[in-house]
There are 2 protein chains.
Amino acid sequence: MNDRTKFLLDESRMPKHWYNIMADLPVPPAPVLHPGTMQPVGPDDLAPLFPMELILQEVSTEREIEIPEPVREVFRLWRPSPLFRAHRLEKALGTPAKIYYKYEGVSPAGSHKPNTAVPQAWYNAQAGIRKLTTETGAGQWGSSLAFAGALFGIDVTVYQVRVSYDQKPYRRALMETYGAKCLPSPSDTTNSGRAILAQNPNHPGSLGIAISEAVEIAATHDDTKYSLGSVLNHVLMHQTIIGQEAMLQLEMAGDDPDVIVGCTGGGSNFAGICFPFIGQQLRGGRKRRIVAVEPAACPSLTRGKFAYDFGDTAHLTPLTKMHTLGSTFTPPGFHAGGLRYHGMAPLVSHLKELNLIEATAYHQNACFEAGVLFARAEGIVPAPEANHAVKGAIVEALRCKAEGKAETILFNLCGHGHFDMTAYINYAAGKLTDQTYDEKELAMALAGLPSVPA
Amino acid sequence: MNDRTKFLLDESRMPKHWYNIMADLPVPPAPVLHPGTMQPVGPDDLAPLFPMELILQEVSTEREIEIPEPVREVFRLWRPSPLFRAHRLEKALGTPAKIYYKYEGVSPAGSHKPNTAVPQAWYNAQAGIRKLTTETGAGQWGSSLAFAGALFGIDVTVYQVRVSYDQKPYRRALMETYGAKCLPSPSDTTNSGRAILAQNPNHPGSLGIAISEAVEIAATHDDTKYSLGSVLNHVLMHQTIIGQEAMLQLEMAGDDPDVIVGCTGGGSNFAGICFPFIGQQLRGGRKRRIVAVEPAACPSLTRGKFAYDFGDTAHLTPLTKMHTLGSTFTPPGFHAGGLRYHGMAPLVSHLKELNLIEATAYHQNACFEAGVLFARAEGIVPAPEANHAVKGAIVEALRCKAEGKAETILFNLCGHGHFDMTAYINYAAGKLTDQTYDEKELAMALAGLPSVPA
């Protein structure tokens, strides 16, 4: 049979360092700006929000940063994660391409997010912090930080986008089972939230608003810090363990990827799988095609502007230069909640500008069609976010078929869909629509981007 | 830190044989009787329902039966499954006991059930069968057979207990995503179902009724066979890979269990973890305590009668001697749907009568309390069924604490609770009641047990 093959690393070969792509960039990314002064921020500016160890990681240019042993100890619960060769999917597609996928759904919270939640909680605990705030959309990130908080004795408060809070009670239940407190955002616990509720008491919320609320609490409480699940340099760096493991596992398989595919919302799982490979290239190694796949309804990389913007709606966060749809843009309510963010990680945006990565966008029905095909062939039901990567990999595999090329494709299956079965029910019932954003709203949001002194 | 330890077997050490406890029993179990003649059945009597290879396994007394390579090939997707030392749970309990758990939730369907679904589907496919029927309660088994059917090109029809079909759409969505057909039971597709609907069009269904429907379809269609997820000898044997792996992993850990705990509904995950250890004892090895934990609302082992009974409500199945609450008994609707069965696997019942195992029962609130404690300590949210094993293990650990004994406890964490978060929501909201059955109904069901010639 040999219908699929699993490549498992011995735990002793689990990477002991994160890979920091900052060390290998030909041009450094644009500086992060203070929202008040519009001048580059220094470490002290970020100190109300993050412990110093994470701030130093955020600005570090060291190529390797050691993963603390207590963090690796927790990682061993599910890492090294498996790499699979998808023989059955290849057969179903009739492609000469070889398809490999790295599976991050084996973590307790079911996605790649604990790769950064655990070190973030640990560094905070080491700094004596006992309270963390964060935001979450569908709940992948919130449940991961709740899990990590439970391990290190940190009280976690999660501001969950109200529409998800109301419609997706399962991930909320997971957060609460881990002992976290979960509030619908906008809430009446912050100035940012109250201001929005005053305008619209039934506001459905957005990630940008939830970030404002979580940041506000951390900034105004000495005993509380803030934790972000994507976008920031140190968060992306924490995910590079994915690509480093995949590199070792593909060596075991005697193979090397021609194309690497990941889905992008904030950019962290994509960075995790591809940064170590891009780093090889930047140090004189082989050039590979790297494809970011985003939702057509929230297409920051393919339709956004590369410009300075705020990370949140209330404009409490620093400004970063990134592909953005505008911080006031509200994407339509499609099912891949983890990809509904107006911006993109500055590092991912920077690589796009340097032509080191490509980007493409698909609507959700095409992604769910790919996900169901994958589930029947490989047995794992992907998260709606991960379906975008599956779709991207299938498109590449079918291109190989059309071109008669036996390329090697690697993609990151960043999480399972166990908490997202409502989306599959709607897809099977033909009830999913391929929503698109309002072009006028996008134009307005882009017109409203902050002006920044040159 | 070393807060927990994972013991992983190399795939080359994954067991290549199932262990058949029939070879080592001091007394054989009572014969299975034909429902028409009340005489012992022969292999041909079972041929309308099962392929001959599985019938031969059902009656085999060979100690080891080879796991076919194509089945092991699929198993490598998630096997060998990990064994964890629960250091953090031990600390939370303040017990001198060592607690180990074998984790079966790593399978694509999220429980131990694929361990038998995959070989059952494979043997059917080898026999040329392209259609299988089965029943499911909450859906652990139905989704596992749907997964296995997708792998081997078999159309799977699942009769799902109507109350679960209506209230738990997520597992149904999983079955349908794998391509299976799912019908609410009682249905109008069978004589058994129509007879019940004629009496009560709103009947909530039961496992016994769903079995009748699935068996009827297989018995009346030449191209269709039936598949059962627990109770039968060959199903229990397929699960022994769990205990065999655990034995090798505990050797790696330099440890040996004093107490082994599993939850019991039909008996298969319990048999999987403990039969290999009981077999050692029967061949002259060490005696260990083996504890079956069942729901207090459906207590076949602790309150049932050891007698011949039917496996289903319509009395289409053969009769087996087992601990039973009577085939007309309807357990209350608690959340561990996988444990809501009136009977117990004949082999597990036989071992109970031989005093080779103990049995105990707990109400669901106590089990969920244990499950939440476990989730916060170990990061994995157990299925409601598995919470019974967690509770049993915690009781043993606290006994060790009271007695000052550093015993080694092993339990089987048979599945995760990702599709059962409604139960956790209700538990957290204080809405779970510790239902109990009606004593009069139990007495009536027991009084109605079939009389069998001596």
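See above for the structure.
If you're wondering where the values come from, they're calculated on a predicted model, not measured in any experiment. (Residues numbered from 1 in each chain as written. Chains lettered and ligands numbered in written order. Predicted model: local features only at pLDDT ≥ 70, side-chain atom pairs only at ≥ 80, totals over all residues. Heavy atoms only, no water.)

Caption draft 1: Here's a closer look at the overall build of chain A. Broken down by element type, chain A carries 19 helices and 15 strands. A compact globule built from 454 residues would reach a C-alpha radius of gyration of about 22 Å, and chain A, at 20 Å, matches this within 12%. For chain A, the spread of C-alpha atoms along the principal axes amounts to about 60 × 45 × 45 Å. Across the 454 residues of chain A, 66% fall into the buried class. Taking all contacts inside chain A whose residues are at least 6 apart in sequence as the whole, residues at least 24 apart take part in 77%. About 14900 Å² of surface is accessible on chain A, with carbon and sulfur atoms providing 52% of the total. Taken together, the 40 basic and 45 acidic charged side chains of chain A have centroids lying 6 Å from each other. (Helix = DSSP H or I, 4+ residues; strand = E, 2+ residues; numbered from the N terminus. Rg over C-alpha atoms; globule rule 2.2 N^0.38 Å. Buried < 20%, exposed > 50% of the residue type's maximum accessible area, 1.4 Å probe, protein only. Contact = heavy atoms within 4.5 Å. Areas by Shrake-Rupley, 256 points an atom, 1.4 Å probe, with all protein chains shown as cover. Lys, Arg positive; Asp, Glu negative; His and termini not counted. Charge placed at Lys NZ, Arg CZ, Asp CG, Glu CD.)

Caption draft 2: Quick look at the relation of the copies chain B and chain A. The transform that puts chain B on chain A rotates by 180° and translates by 0.0 Å along the axis, for an RMSD of 0.0 Å. On this basis, the relationship between the two copies can be described by a two-fold rotation axis. Residues of chain B ranked by C-alpha distance from the rotation axis are headed by His418 of chain B, positioned 3.0 Å from it. When you check the interface residues of chain B against chain A, 100% turn up at the interface there too, and the contact is symmetric in its surfaces. (Least-squares fit on C-alpha atoms with pLDDT ≥ 70 in both.)

Caption draft 3: Focus on unusual backbone geometry. Residues and elements named next belong to chain A. Residues Ser185 and Pro186 are joined by a peptide bond in cis, for which omega reads 5°. Tracing the backbone shows Pro186 in the loop between strand S8 (181–185) and helix H9 (191–199). Positive phi, normally seen in glycine, also occurs at His315, with a value near 60°. His315 sits in the partly exposed class, given a relative accessible area of 32%.

Caption draft 4: The arrangement of the interface of chain B and chain A in detail. With 42 residues of chain B in contact, the opposing surface of chain A contributes 43 residues. Summed over both partners, the interface of chain B with chain A buries about 3800 Å², with 61% contributed by carbon and sulfur atoms. If you look at where chain B meets chain A, you find zero salt bridges. Elements with a contribution of two residues or more to the side of chain B that touches chain A: helix H3 (69–75), helix H6 (140–152), helix H8 (169–177), helix H16 (364–378) and helix H18 (421–428) of chain B. Considering each element in turn, the side of chain B that touches chain A owes the most residues, six residues, to H8 of chain B. (Buried area = accessible area lost by both parts, 1.4 Å probe. Salt bridge = Lys/Arg side-chain N within 4 Å of Asp/Glu carboxyl O.)

Caption draft 5: The pairing of strand S10 (residues 259–263) of chain A, seen in detail. The buried fraction of S10 of chain A is high, at five of five residues. Both faces of S10 of chain A are covered, namely the face carrying Val259, Val261 and Cys263 of chain A and the face carrying Ile260 and Gly262 of chain A.

Caption draft 6: Highlighting the side chain of Ser143 of chain B. All names here are of chain B. For Ser143, the location among the structural elements is in helix H6. For Ser143, the side chain forms a polar contact with the main-chain oxygen of Gly139, separated by 2.7 Å. With near-sequence residues (within four places) excluded, Ser143 lies in contact with Ala109, Arg171, Leu174, Met175 and Tyr178. (Polar contact = N/O pair within 3.5 Å; in protein donor to acceptor, adjacent residues only side chain to side chain.)

Caption draft 7: Structural context of the sheet that holds strand S7 (residues 155–161) of chain B. All names here are of chain B. Across the sheet, which stays open at both edges, the four strands sit in the order S8-S7-S6-S9 with parallel pairing between neighbours. Of all the strands in the sheet, just strand S8 (181–185) and strand S9 (224–226) have a single pairing partner and so form its edges. On average, adjacent strands in this sheet sit at an angle of 25° to one another, irrespective of strand direction. The pairing of S7 with S8 spans five bridges and is parallel. In the strand pairing of S8, Gln160 is matched with Pro184. Contacts from H6 reach strand S6 (131–136) and S7, with the element oriented near 160° to S6. (Pairing = 2+ DSSP bridges. Axes fitted to C-alpha atoms, helices over the stretch in contact; angles between N-to-C directions.)

Caption draft 8: Seen up close, the environment of Leu132 of chain B. Inspection of the secondary structure assignment puts Leu132 of chain B in strand S6. Setting aside chain neighbours within four positions, we find Leu132 of chain B in contact with Ala121, Asn124, Leu145, Ile154, Asp155, Val156, Thr157, Thr224, Lys225, Tyr226 and Ser227 of chain B.

Caption draft 9: Quick look at the pattern of salt bridges. Residues and elements named next belong to chain A. Counted by the stated rule, this structure contains 44 salt bridges over all chains. Note that Arg288 and Asp256 form a salt bridge whose closest N and O atoms lie 2.9 Å from each other. Placement of the pair is Arg288 in the loop between helix H13 (268–282) and strand S11 (289–295) and Asp256 in the loop between helix H12 (240–252) and S10, with a sequence separation of 32 residues. Its relative accessible area of 5% is what places Arg288 among the buried residues. Judged by relative accessible area, which is 29%, Asp256 ranks as partly exposed. Taken together, the shared-partner salt bridges connect Arg289, Glu358, Glu396, Arg399, Glu403, Lys405 and Glu407 into one network.

Caption draft 10: Spotlight on the sheet that holds strand S6 (residues 131–136) of chain A. Residue and element names in this part refer to chain A. In spatial order, the strands read S8-S7-S6-S9; together these four strands make up an open sheet with parallel pairing. Two strands close off the open sheet at either side, each with one partner strand: S8 and strand S9 (224–226). Direction aside, neighbouring strands of the sheet carry axes that sit 25° apart on average. Note: S6 against S9, three bridges, orientation parallel. Residue pairing for S9: Leu132 is matched across the bridge by Lys225. Running at roughly 170° to S6, helix H10 (residues 207–220) makes contact with S6, strand S7 (155–161), S8 and S9 of the sheet.

Caption draft 11: Spotlight on the nonpolar core. Membership of the largest hydrophobic core comes to 208 residues, with the highest contact counts inside it found for Phe411 of chain A together with Phe275 and Phe411 of chain B. Beyond its immediate sequence surroundings of up to four residues, Phe411 of chain B is in contact with Ile99, Tyr100, Tyr101, Lys102, Val261, Phe374, Ala389, Val390 and Ala393 of chain B. Core analysis: the next-biggest nonpolar cluster, separate from the first, contains 31 residues, Ile21, Cys274, Met344 and Ala345 of chain A among them. (Core = buried A, V, L, I, M, F, W, Y, C linked by side-chain atoms within 4.5 Å.)

Caption draft 12: The state of the cysteines, seen in detail. All names here are of chain A. Under the definition given, this model contains zero disulfides over all chains. Considering cysteine sulfurs only, Cys414 is the nearest to Cys263, which forms no disulfide, with 3.9 Å between them. In this structure Cys400 is not part of a disulfide, and its nearest cysteine sulfur, from Cys274, lies 18 Å away. Look at Cys400 and you get buried, because its relative accessible area is 0%. (Disulfide = S-S within 2.5 Å.)

Caption draft 13: Structural detail: the packing of aromatic side chains. Residue and element names in this part refer to chain A. Overall, the coordinates contain 27 aromatic pairs over all chains when judged by the stated rule. Judged by centre distance (5.0 Å) and plane angle (75°), the ring pair of Tyr101 and Phe374 falls under edge-to-face. One end of the pair, Tyr101, is in strand S5 (residues 98–103); the other, Phe374, is in helix H16 (residues 364–378), with 273 residues separating them in the sequence. Residue Tyr101 is classed as buried on the basis of its relative accessible area, which comes to 0%. The class of Phe374 is buried, set by a relative accessible area of 0%. (Phe/Tyr/Trp six-rings, centres within 6.5 Å; stacked < 30°, edge-to-face > 60°.)

Caption draft 14: Here's a closer look at helix H19 (residues 439–447) of chain B. Residue and element names in this part refer to chain B. Among all positions in H19, only Leu442, Ala445 and Leu446 are buried. The buried residues of H19 occupy an angular sector of 95° when projected down its axis, which confines them to one face. Exposed and facing more than 90 degrees away from the buried side of H19 are Lys440, Met444 and Ala447. Check the buried side of H19 and you find it contacts helix H14 (300–303), strand S12 (305–310) and strand S13 (319–324). (Arc of directions from axis to C-beta.)

Caption draft 15: How the structure looks around the packing of helix H9 (residues 191–199) of chain B against helix H10 (residues 207–220) of chain B. All names here are of chain B. Contact geometry for H9 and H10: axes closest at 7 Å, N-to-C directions at 140°. Relative to H10, the element H9 is oriented oblique. Of H10, the residues touching H9 (which contributes Asn191, Ser192, Gly193 and Ile196) are Ile209, Ser212, Glu213 and Glu216. Looking at the contact of H9 with H10 residue by residue, the class counts come to two nonpolar, four polar and two charged. (Parallel < 35°, antiparallel > 145°, perpendicular 65-115°, else oblique. Nonpolar A, V, L, I, M, F, W, Y, C, P; charged D, E, K, R; others polar.)

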